[in-house]
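Observations on chain architecture
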Amino acid sequence: MSRLYVAKSMLTATGAKGSFEVNSDGTFPPGSKITFALSTLSSDERDRDNFTKNDTRQVRQFPTAEFAPTKTSGLSLPLATSGTFTFTLTGNMTIRGKTKDVTFDVTAKRDGADRTATATANPSWKFGDFGMTAPSVPFRVLSVTDEIRATIDIVATGPKG
């Protein structure tokens, strides 16, 4: 599940797809990526969701967002079979056809083959980073601070080794 915080409102996206494997030097092989449908982003406010879906995100023209990891820092490999790990994950985020180098602070947990992680963008992003304007409708309640705080929750499967 991916979460995108916009102004004190949380948008949640479902159906993320992709795969990646970390090389022994902390880099990722070509083709490593996670994508999710921007049309699945939703909050507790349907009208706002519809406005941002069509106006800000333009999901008909740009239906997906993609994260392609490039390297980790502070992660000891090979990963121990159990424990909690903190590290930095760097990669390329593409939203609306605009790609930006981004960094996530990651807290991960491993218990044998079970792996979970929460990755939080640091620093946060601006709408303009991806060619968007922060939503604002004059004389209406809808307005958003120009800050995107992205958090990605990951549940990974893989070999026990």
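Numbering of residues starts from 1 in every chain and runs along the sequence as written. Totals for whole chains, interfaces and linings use all residues, but because this is a predicted model, local features are given only for residues with pLDDT of at least 70 and pairs of side-chain atoms are given and counted only at 80 or more. Calculated side-chain values reflect all of the structure's heavy atoms, with hydrogen atoms and water omitted.

Some thoughts on the nonpolar core
- Counting 27 residues, the largest nonpolar core has Leu89, Met93, Ile95, Phe104, Val106 and Trp125 as the members making the most contacts within it.
- At the level of secondary structure, the elements contributing two or more residues to this core comprise strand E5 (64-73), strand E6 (82-95), strand E7 (98-111), strand E8 (114-121) and strand E9 (148-156).
- If you tally residues by element for this core, the top one is E6, at five residues.
- With sequence-adjacent residues up to four places away left out, Val106 is seen in contact with Phe85, Thr86, Phe87, Leu89, Ala117, Thr118 and Ala119. Here, the term nonpolar core denotes a set of buried Ala, Val, Leu, Ile, Met, Phe, Trp, Tyr and Cys residues that are joined through side-chain atoms within 4.5 Å. Buried, partly exposed and exposed residues are distinguished by accessible area as a fraction of the type maximum, computed with a 1.4 Å probe on protein chains only: under 20%, between the cut-offs, and over 50%, respectively. In DSSP terms, a helix is any run of H or I states spanning at least four residues, a strand is any run of E spanning at least two, and both are numbered starting from the N terminus. When checking whether two residues touch, look at their non-hydrogen atoms; a contact exists if any pair is within 4.5 Å.

Some words on the confidence of the model for the protein
- Residue-level confidence of the predictor, termed pLDDT, takes values from 0 up to 100. Taken as a whole, the protein shows an average pLDDT of 79; of its residues, 72% reach a score of 70 or greater.
- Considering only residues more than four positions removed or in separate chains, one finds that residues 1-8, a stretch of pLDDT under 50, has 38 contacts.

Some words on the environment of Gly15
- Checked against the element boundaries, Gly15 lands in the loop between strand E2 (9-13) and strand E3 (17-19).
- Note: C-alpha distance between Gly15 and Leu38 (23 residues apart in sequence) is 10.0 Å.

Thoughts on the side chain of Thr72
- Looking at where Thr72 falls in the secondary structure, it is placed in strand E5.
- With a relative accessible area of 12%, Thr72 lands in the buried category.
- Among residues more than four places away in sequence, those in contact with Thr72 are Gly26, Phe28, Phe87, Thr88 and Leu89.

A word on the pairing of strand E4 (residues 33-37)
- Where burial is concerned, the two faces of E4 differ: the one with Ile34 and Phe36 is buried and the one with Lys33, Thr35 and Ala37 is not.
- Strand direction decides the pairing type here: E3 and E4, joined by three bridges, are antiparallel. Its bridge partner being in E4, Gly18 is matched across the sheet by Ile34.
- Here a strand pair is declared whenever DSSP counts at least two bridges between the two strands. Summarising the sheet, E4 and E5 pair through four bridges and their orientation is antiparallel. Bridging across to E5, Ala37 finds its partner in Thr64.

Points about unusual backbone geometry
- Across the junction of Leu77 and Pro78, the peptide omega takes the value 0°, indicating a cis bond.
- With respect to the helices and strands, the residue Pro78 is situated in the loop between E5 and E6.
- Note the cis peptide between Asn122 and Pro123, where omega equals 5°.
- Within the secondary structure, Pro123 sits in the loop between E8 and E9.

Side note on the packing of aromatic side chains
- Only the six-membered ring of Trp is used, alongside the rings of Phe and Tyr, when aromatic pairs are assigned; centres must lie within 6.5 Å, and planes under 30 degrees apart are stacked while those over 60 apart are edge-to-face, with the rest tilted. This structure, assessed with the given rule, holds four aromatic pairs.
- Seen from their ring centres, Phe20 and Phe28 are 5.5 Å apart, and the 75° between their planes marks the pair as edge-to-face.
- Judged by relative accessible area, which is 35%, Phe20 ranks as partly exposed.
- The buried category is assigned to Phe28, whose relative accessible area is 10%.
- Measuring from ring centre to ring centre gives 6.0 Å for Phe104 and Trp125, while their planes differ by 85°; the resulting arrangement is edge-to-face. Of the two residues, Phe104 sits in strand E7 while Trp125 sits in the loop between E8 and E9, which places them 21 residues apart along the sequence.
- A relative accessible area of 0% means that Phe104 is categorised as buried.

Here's the deal with the pattern of salt bridges
- By definition, a salt bridge exists where a carboxyl oxygen of Asp or Glu is found within 4 Å of a side-chain nitrogen of Lys or Arg. One pass over the structure, following the stated rule, counts two salt bridges.
- For Lys33, the salt bridge is made with Glu66, and the minimal N-O distance between the two is 3.5 Å. Linking Lys33 in strand E4 with Glu66 in strand E5, this pair joins segments that are 33 residues apart in sequence.
- Among the residues examined, Glu66 registers a relative accessible area of 27% and is labelled partly exposed.
- The partner of Lys100 in a salt bridge is Asp129, with the nearest N and O atoms 3.9 Å apart. With a gap of 29 residues between them, Lys100 in strand E7 and Asp129 in the loop between E8 and E9 connect regions that are remote in the sequence.
- Using a relative accessible area of 25% as the deciding quantity, one classes Lys100 as partly exposed.

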